Amino acid sequence: MKKTLLFILLGVPVWAEPIWTVVSPQFPLDTPEGQWVELEVSGPAGRHPSLQTARTTTSLAEARAGVYRTRFQPAVGDVTLDGQMLGSCRTHSGSLGVFEVTKENAVLRTGPTSDYDRLTPVTRGVRLEAVERQGDYYRFHTPSGWLRLSEGMLLGPEASLGNGLLTVIRVSEPDNIVRLTMGSPCAWQVRQDVENRKFWLDLPGVPSATFHTAYAQNSQAIPAIRLHPLGENGTTVEIPLRQRLWGYRLAWKGDTLEFAPTPAPRIDPKYPLRGVRITVDAGHGGEDSGTVGLDLHVKEKDLNLSVARALRDQLKKAGAIVTMTRDGDHQVAPESAPAEAELQSRVDVALRSRAQLFVSVHHNARPDVQDGRVSHGAHIYYYQPASRGLAQAIAAPLARAIGEPSYQHFWRSFAVIRQPEMPAVLVECNFLSNPGLEKGMLHDRAYPQKAARGIFEGVTRFLVRDM
Ligand SMILES: [Zn+2]
């Protein structure tokens, strides 16, 4: 009898309804060892809940009615709040060691498989600090991203990030190229603040020895460059611009990194397109039809070309200098070139013609056919921060021009818009996979003109914005 009672009291857990909702962070957590994390939960007001991790107990302060906050250092294991499980934590050591890139152009990605988007390539000989491993990939902080194990090798624990030493900074005029002499190639990461017209070049493992720098303090385009320490042993070079931030080119010449900001086009507000060099890319072509309409079998490549031609005509009429990647039903790369050269060939057309804007015209579909039948909306994609404003500027006028209620702009790493030299967008005018829209696009003879007009208006808006 006694035994049974004890069993009922201790052996049967009392299940309580969860009353706490985690606002941040997202569980499961995976943080470097020793890192502090801000926790915010919501729940009933007027409580004094306590947080329990494998190592510590912390009480939470009520920031406002029903919202509680604290900071804690995650340890491996579960985190509970007044007995309610919030989630689990995992930690990893801050550094796995120095990784040296041995492949010519290693592909940095946003995640640890080849399904993730590509970021900036990393050149051979560059050393990076690996902070985490997942499967076949290492993760890095600067530049931030993942590289495949086979693209380099992890060096011994004594290895340093490099022998680089920033000794000279020069700005040449009138081309405004910033030349940074560093002794050996090293990892870099560009950050951009489009609003405040500023670039930062992060150089981890490259200390600065520039007591005085040999750059022109009163350069036409670049006022005083500033240096900041980055981590224990690195340097951040702050490069402000006098004019609008438009893009940049970055290349190694021996031990010197050349950073060339793209000059923004001079805009006459009365005739904003006059003299502006624009590359218009009609997506797909030749063997590659792109997506094909489900009911009427309209080929995306043909529709893209009609819109691209209309856009070219409208832009030219307004005074722009337009280059087309293709003006017929064919691929852009030579027939003999490998398949992966096709997209780069389109970018090369823009670079060769020193384009100041790049617009790639497409029509959309979904991997899921049923999904695609009912999808609609003008979707504009950008990759570089300087391209975001262009994507945003095109979305609404395009949707209005083609009578489409829904529009959005997204960040996405598509090969044709990845280059940093000029603002570039990929425009998915609408869904060709939606039979209702397919019919409309085929039978409305004015459709290419309308879609082009919408893109044209967006481009114009972007050019005259904060000139
Ligand atoms: Zn397409």
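Residues numbered from 1 in each chain as written. Predicted model: local features only at pLDDT ≥ 70, side-chain atom pairs only at ≥ 80, totals over all residues. Heavy atoms only, no water.

Visitor: Any details on the overall build of the protein? Residues and values, ideally.
Guide: A count of helical and extended segments in the protein gives seven helices and 30 strands. Once the C-alpha set of the protein is aligned to its principal axes, its extents read approximately 95 × 65 × 45 Å. In the protein, which comprises 467 residues, the share counted as buried stands at 48%. In the protein, once contacts between residues fewer than 6 apart in sequence are set aside, the share between residues at least 24 apart is 66%. About 23700 Å² of surface is accessible on the protein, with carbon and sulfur atoms providing 51% of the total. The average position of the 52 basic charges and that of the 49 acidic charges among the side chains of the protein differ by 5 Å. (Helix = DSSP H or I, 4+ residues; strand = E, 2+ residues; numbered from the N terminus. Buried < 20%, exposed > 50% of the residue type's maximum accessible area, 1.4 Å probe, protein only. Contact = heavy atoms within 4.5 Å. Areas by Shrake-Rupley, 256 points an atom, 1.4 Å probe, with all protein chains shown as cover. Lys, Arg positive; Asp, Glu negative; His and termini not counted. Charge placed at Lys NZ, Arg CZ, Asp CG, Glu CD.)

Visitor: Describe the pattern of salt bridges, with residues and values.
Guide: Summed over the entire model, instances satisfying the criterion amount to 20 salt bridges. Note that lysine 103 is salt-bridged to glutamate 151, the shortest N-O span being 3.5 Å. Placement of lysine 103 in the loop between β10 (97–101) and β11 (105–109) and of glutamate 151 in the loop between β15 (145–148) and β16 (152–154) is noted, with a sequence separation of 48 residues between them. Of the residues examined, glutamate 151 reaches a relative accessible area of 6% and is grouped as buried. A salt bridge links arginine 373 to aspartate 295; the nearest nitrogen and oxygen atoms lie 3.8 Å apart. Taken together, the residues span a long stretch of sequence, with arginine 373 in helix α4 (residues 369–374) and aspartate 295 in the loop between β25 (277–282) and α2 (300–317) at a distance of 78 residues. Using a relative accessible area of 44% as the deciding quantity, one classes aspartate 295 as partly exposed. Residues participating in the shared-partner salt-bridge network are Arg309, Arg312, Asp313 and Asp327. (Salt bridge = Lys/Arg side-chain N within 4 Å of Asp/Glu carboxyl O.)

Visitor: Outline the environment of glutamine 344, supporting the account with residue identities and numerical values.
Guide: Locating glutamine 344 in the fold gives a position in helix α3 (residues 341–352). A residue is classified by how much of its surface remains accessible, and glutamine 344, at 40% relative accessible area, is partly exposed. Put simply, glutamine 344 and glutamine 419 are 75 residues apart on the chain and 9.7 Å apart in space, counted from C-alpha to C-alpha.

Visitor: With reference to specific residues and values, describe the confidence of the model for the protein.
Guide: Caution applies to low-pLDDT regions: their predicted coordinates should not be interpreted in detail. Residue-level pLDDT values for the protein average 88, and 93% of them are 70 or greater. Below pLDDT 50 for its whole length, residues 1–15 participates in two contacts with residues either more than four positions away or in separate chains. Among the scores for the predicted complex, ipTM is 0.99 and pTM is 0.74. (pLDDT = per-residue confidence, 0-100.)

Visitor: How would you sum up the packing of helix α5 (residues 385–401) against helix α7 (residues 447–464)? Please name residues and give values.
Guide: Two numbers describe how α5 lies on α7: the axes approach to 7 Å, and their chain directions differ by 140°. Classified by the angle their axes make, α5 and α7 are oblique. When you trace α5 past α7, the crossing you get is right-handed. Between α5 and α7, the contacting residues are Ala386, Gly389, Leu390, Ala393, Ile394, Pro397, Leu398, Arg400 and Ala401 on the first element and Lys450, Ala451, Gly454, Ile455, Glu457, Gly458, Val459, Arg461 and Phe462 on the second. Of the residues in the contact of α5 with α7, the class split is eleven nonpolar, three polar and four charged. (Axes fitted to C-alpha atoms, helices over the stretch in contact; angles between N-to-C directions. Parallel < 35°, antiparallel > 145°, perpendicular 65-115°, else oblique. Left-handed = near helix turned anticlockwise from the far one by under 90°. Nonpolar A, V, L, I, M, F, W, Y, C, P; charged D, E, K, R; others polar.)

Visitor: Can you break down the packing of aromatic side chains residue by residue, with the values?
Guide: Inspection of the entire model under this criterion finds ten aromatic pairs. Relative to phenylalanine 140, the ring of phenylalanine 99 lies with its centre 5.4 Å away and its plane at 50°, an arrangement referred to as tilted. Residue phenylalanine 99 is found in strand β10, and its partner phenylalanine 140 is found in strand β14 (residues 137–140); the two are separated by 41 residues along the sequence. The buried category is assigned to phenylalanine 99, whose relative accessible area is 0%. Phenylalanine 140 sits in the buried class, given a relative accessible area of 1%. Centre to centre, the rings of tyrosine 381 and phenylalanine 410 are 5.3 Å apart; their planes meet at 25°, and the pair counts as stacked. With tyrosine 381 in strand β28 (residues 378–382) and phenylalanine 410 in strand β29 (residues 407–411), this pair connects stretches of sequence that are 29 residues apart. (Phe/Tyr/Trp six-rings, centres within 6.5 Å; stacked < 30°, edge-to-face > 60°.)

Visitor: Could you give me a rundown of the pairing of strand β6 (residues 61–64), with the residues and numbers involved?
Guide: If a strand is regular, its side chains alternate between the two faces of the sheet. The pairing of β6 with strand β7 (residues 67–72) spans three bridges and is classified as antiparallel. Paired with alanine 61 across the strands is arginine 69, a residue of β7. In this antiparallel pair of consecutive strands, β6 and β7, the connection spans two residues, and glycine 66 shows a positive phi of 80°. (Pairing = 2+ DSSP bridges.)

Visitor: Quick one: what's the story with the sheet that holds strand β1 (residues 21–24), residue by residue and with numbers?
Guide: Overall, antiparallel pairing links the four strands, which are arranged β1-β3-β7-β6 in an open sheet. Across the chains shown, the open sheet's two edge strands, defined by having one partner strand only, are β1 and β6. Going across the sheet, the axis of each strand differs from the next one's by a mean of 35°, ignoring polarity. Bridging between strand β3 (residues 37–42) and β7 involves six bridges; their strand directions are antiparallel. For leucine 39, the partnering residue across the bridge sits in β7 and is threonine 70.

Visitor: Can you break down the coordination of the zinc ion residue by residue, with the values?
Guide: Donor atoms from the polypeptide that coordinate the zinc ion comprise His284 (NE2), Glu300 (OE) and His362 (ND1), at 2.1 to 2.2 Å from the metal. Counting the intervening residues between successive donors of the zinc ion yields the motif H-x15-E-x61-H. You can see histidine 284 sitting in the loop between β25 and α2 and its partner histidine 362 sitting in strand β27 (residues 357–364), a full 78 residues away along the chain. (Donors = N, O, S within 2.8 Å, 3.2 Å for Na, K, Ca; no water.)

Visitor: Could you give an account of unusual backbone geometry, naming the residues involved and the relevant values?
Guide: Leaving glycine aside, a negative phi is the common case for residues, and trans is the common case for peptide bonds. Residue proline 25 is reached from serine 24 by a cis peptide bond, and omega for that bond is 0°. Here proline 25 lies in the loop between β1 and β2 (29–32). With an omega dihedral of 5°, the bond running from glutamate 173 to proline 174 counts as a cis peptide bond. In this model, asparagine 176 sits at a positive phi of 55°, which is unusual for a non-glycine residue. Mapped onto the elements of the fold, asparagine 176 is located in the loop between β17 (168–172) and β18 (177–181). Non-glycine residue histidine 284 carries a positive phi angle of around 65°.

Visitor: Would you mind going over the sheet that holds β25 in detail, with residue names and values included?
Guide: Taken in spatial order, the six strands make up an open sheet running β26-β25-β27-β30-β28-β29, and their pairing is mixed. Each end of this open sheet is capped by a strand with a single partner; those strands are β26 (321–324) and β29. Ignoring which end each strand starts from, the neighbouring axes of this sheet average 20° apart. Examined bridge by bridge, β27 and strand β30 (residues 424–431) share six bridges and lie parallel to one another. Counted as the bridge partner of phenylalanine 358 is alanine 424 from β30. Strands β25, β26 and β27 of the sheet are contacted by α3, whose axis makes an angle of about 165° with β25.

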